[in-house]
Amino acid sequence: MEDKLGTNSKNDGIFDYGYAAWAGFLGGNLSSFVKWGSEIPFPPREAGRISPPFAILKALGLNAEDMTYVFTGHVINYGVALVHQGFSIVFGLLYCLLATACPLVTLGQGLAFGLIITLLFHAILLPLGGWAPQVWDISAHEVFSEVFGHLLWAWTIEIVRRDMVRMRFASASTLAKASSDVRSMATNR
C-alpha cells in the first residue's frame with residue numbers, strides 16, 4: 001500500500017504506534033517549553049492570580065508553596081512545572097497516537113487540536129473544578145494568551161510528529177533500497 005510520502009509500507013501498525021508514542025513524548029516535552037516561552041510576552045493571567053496547575057496541586061491537598069528549588073537566584077515551583085510538563089506530554093502522546101489512527105486530528109497542522117484543548121480546559125474543565133475563572137470573567141488579553149500559546153504548543157507537536165514520520169519513511173526507503181541493491185548484487189554474481 002502506498003502512503004502519502006510515496007513509500008510502500010507493510011507495517012502491522014505496532015511500529016506506527018511506537019513511532020507515534022515516541023513523537024508524542026518528544027513533541028510534548030518540546031512544546032511544553034514553547035508554551036512557557038509564549039507566556040513571557042503574553043502573560044496568561046492577571047498579576048496576583050495563581051496558575052491553574054498551582055490551584056490543582058492545592059486542591060489535591062499538596063503543599064504547593066513548598067514545591068520549589070532555586071536556579072540562578074530564581075525560585076522555581078517544580079510542582080507547577082511537573083503538572084505543566086505532564087499535561088504537555090500526555091496530550092502530545094494523545095495527539096500523535098490519534099493522528100496515526102485518524103489523520104483528521106492533524107487538521108490545520110494541529111491547530112484545530114490546540115484550539116479544542118484550549119476550549120476543553122480553559123472554558124470547561126478548569127472553571128468547573130474551581131481552578132480558573134470562567135472565560136467571561138477574564139480579560140481578552142488572557143484569552144489571547146491561552147489561545148495563542150496552545151496553538152503554538154499544538155503546532156510544535158505536529159512539527160515533531162511530521163518530522164519523525166518523514167524520518168521513519170526515509171529510513172524505511174533507505175533500508176528497502178539497500179536490501180534491493182544487495183539482492184541485485186547477489187543475483188548478478
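In case you missed it, the structure is sitting above this.
Residues numbered from 1 in each chain as written. Predicted model: local features only at pLDDT ≥ 70, side-chain atom pairs only at ≥ 80, totals over all residues. Heavy atoms only, no water.

Undergrad: Break down the pattern of salt bridges for me, citing the residues and quoting the values.
TA: Evaluated as defined, the whole model comprises 5 salt bridges. Put simply, K35 and E39 hold a salt bridge, and the shortest N to O gap is 2.9 Å. Taking the relative accessible area as the measure of exposure, K35 reaches 5% and is therefore buried. Two residues, R49 and E142, come together in a salt bridge whose shortest N-O distance is 2.2 Å. Of the two residues, R49 sits in the loop between α1 (14-38) and α2 (52-59) while E142 sits in helix α5 (residues 140-187), which places them 93 residues apart along the sequence. The structure contains a network of salt bridges with shared partners spanning K35, E39 and E146. (Salt bridge = Lys/Arg side-chain N within 4 Å of Asp/Glu carboxyl O. Buried < 20%, exposed > 50% of the residue type's maximum accessible area, 1.4 Å probe, protein only. Helix = DSSP H or I, 4+ residues; strand = E, 2+ residues; numbered from the N terminus.)

Undergrad: Would you mind going over the nonpolar core in detail, with residue names and values included?
TA: Counting 16 residues, the largest nonpolar core has F91, Y95, C96, F113, I117 and W153 as the members making the most contacts within it. When residues of this core are traced back to their parent elements, those giving at least two are α1, α3 (78-101), α4 (111-129) and α5. Per-element tally for this core: the top contributor is α5, with 5 residues. Contacts of Y95, omitting those with residues within four sequence positions, involve V105, T106, Q109, G110, F113, I157, E158 and R161. F54, A64, M67 and V80 belong to the second largest nonpolar core, which has 5 residues in total. (Core = buried A, V, L, I, M, F, W, Y, C linked by side-chain atoms within 4.5 Å. Contact = heavy atoms within 4.5 Å.)

Undergrad: If you had to explain the packing of aromatic side chains to someone new, which residues and values would you point to?
TA: In this description, a pair of aromatic rings is defined by centroid distance and the angle of the planes. Within this structure, the stated rule accounts for 11 aromatic pairs. Measuring from ring centre to ring centre gives 6.0 Å for W22 and F25, while their planes differ by 15°; the resulting arrangement is stacked. On the criterion of helical spacing, the pair formed by W22 and F25 is a turn pair, its members being 3 residues apart in helix α1. Among the residues examined, W22 registers a relative accessible area of 48% and is labelled partly exposed. Their ring planes at 90° and their centres at 5.0 Å tell us that F87 and F121 sit as a pair that is edge-to-face. Taken as a pair, F87 in helix α3 and F121 in helix α4 lie far apart in primary sequence, 34 residues in all. According to the relative accessible area criterion, F87 is partly exposed, its value standing at 23%. Each member of the aromatic cluster is reached from another via a ring pair, and the members are F87, F91, Y95, F113, F121 and W153. (Phe/Tyr/Trp six-rings, centres within 6.5 Å; stacked < 30°, edge-to-face > 60°.)

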